[in-house]
Amino acid sequence: MSEAKHAAEPEQSTEPSETVRERRNREWTDILQELRVIQAGSQIITGFLLAAAFQPRFEDLPPVAHGIYLSLVAVAVATTIVGLTPVLLHRRLFRMKAKESLVALGGRFATAALIGVGVTLAGIMLLVVELVSGLLAGVLAAIAAVLVIAALWVLLPARVQLRLRRAGRDGE
C-alpha cells in the first residue's frame with residue numbers, strides 16, 4: 001500500500017479502539033514472533049548441516065549425496081539470511097516512519113523463509129533416505145515430505161480461510 005493511499009485511511013482500523021498505527025505495530029510484532037520461530041529452526045538446521053561435513057565418514061559419501069548436501073547447505077544458509085533480513089530492514093528503517101513497508105516486506109520475507117525451510121526439510125529427507133535406502137527411496141520420501149508440507153502449510157490455511165469467509169469473518 002502506498003503512503004498516499006495510507007494517508008486516505010481512517011485513523012481507526014477494523015478492530016474497535018485500535019488505530020491504524022497500533023494495528024501496524026501489532027502486525028509487525030506478530031511478524032517478528034513468526035520470524036523468531038523460523039530463524040531458530042533454520043539456524044539449527046544450518047548448524048547441523050554445516051557440522052556434518054566435519055564428520056569422519058563424510059568423505060565416504062557417494063557423489064550424489066555430496067551434491068544433495070551442498071545444495072541443502074546453500075538453501076539452509078539462504079533461508080537463514082532471508083529470515084534475518086526483516087531485522088536488518090527494521091534496524092535501518094525504523095525511524096523513517098516506514099512501518100507499513102516493514103510489515104509488507106516482513107510478511108514476504110517470512111513467507112520466503114518458510115518456503116526455504118520446507119525445501120530444506122524435503123531435501124534432508126532426500127539425503128538421509130538416499131543414504132539409508134537408495135536414491136529412489138530418497139526421492140519418494142522427499143516427495144512425501146513436500147506433500148505433507150503443502151497439505152499443512154498451503155491447503156489447511158486455505159481451507160480455514162474459506163470457512164471463515166463463508167462465516168463472514170474476513171479479518172482477524
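Colleague: Help me understand helix α2 (residues 20-52) in this model?
Modeller: Helical geometry note: an α-helix holds 3.6 residues per turn, so side chains three or four residues apart project in the same direction. Here α2 spans 48 Å end to end across 33 residues, near enough to the 48 Å set by a 1.5 Å rise per residue. The complete set of buried residues in α2 reads Val 20, Arg 23, Arg 24, Trp 28, Ile 31, Leu 35, Ile 38, Gln 39, Ser 42, Ile 45, Thr 46 and Leu 49.

Colleague: What is the right way to look at the nonpolar core in this model?
Modeller: In this structure, Ile 45, Leu 49, Phe 58, Ala 65, Ile 68, Tyr 69, Leu 72, Val 73, Ala 76, Leu 126, Leu 127 and Ala 142 together form the largest nonpolar core, which totals 12 residues. At the level of secondary structure, the elements contributing two or more residues to this core comprise α2, α3 (63-93) and α4 (99-133). Broken down by element, the residue count for this core peaks at 6 residues, all from α3. With residues near it in sequence (within four places) discarded, Tyr 69 still touches Leu 49, Leu 50, Ala 52, Ala 53, Phe 58 and Leu 127.

Colleague: Can you help me understand the pattern of salt bridges in this one?
Modeller: Side-chain pairing between opposite charges can occur once the charged atoms of the two side chains come close. Per the counting criterion, the structure on display carries 3 salt bridges. Between Glu 27 and Arg 23 there is a salt bridge whose closest N-O contact spans 3.6 Å. Separated by 4 residues within a single helix, Glu 27 and Arg 23 lie in helix α2, roughly one turn from each other. Its salt-bridge partner being Arg 26, residue Asp 30 comes within 3.9 Å of it at the nearest N-O pair. Taken together, the residues span about one helical turn, with Asp 30 and Arg 26 both in helix α2 at a distance of 4 residues. Its relative accessible area of 24% is what places Arg 26 among the partly exposed residues.

Cut-offs applied
- Residues numbered from 1 in each chain as written.
- Predicted model: local features only at pLDDT ≥ 70, side-chain atom pairs only at ≥ 80, totals over all residues.
- Heavy atoms only, no water.
- Helix = DSSP H or I, 4+ residues; strand = E, 2+ residues; numbered from the N terminus.
- Expected span 1.5 Å × (residues − 1).
- Buried < 20%, exposed > 50% of the residue type's maximum accessible area, 1.4 Å probe, protein only.
- Core = buried A, V, L, I, M, F, W, Y, C linked by side-chain atoms within 4.5 Å.
- Contact = heavy atoms within 4.5 Å.
- Salt bridge = Lys/Arg side-chain N within 4 Å of Asp/Glu carboxyl O.

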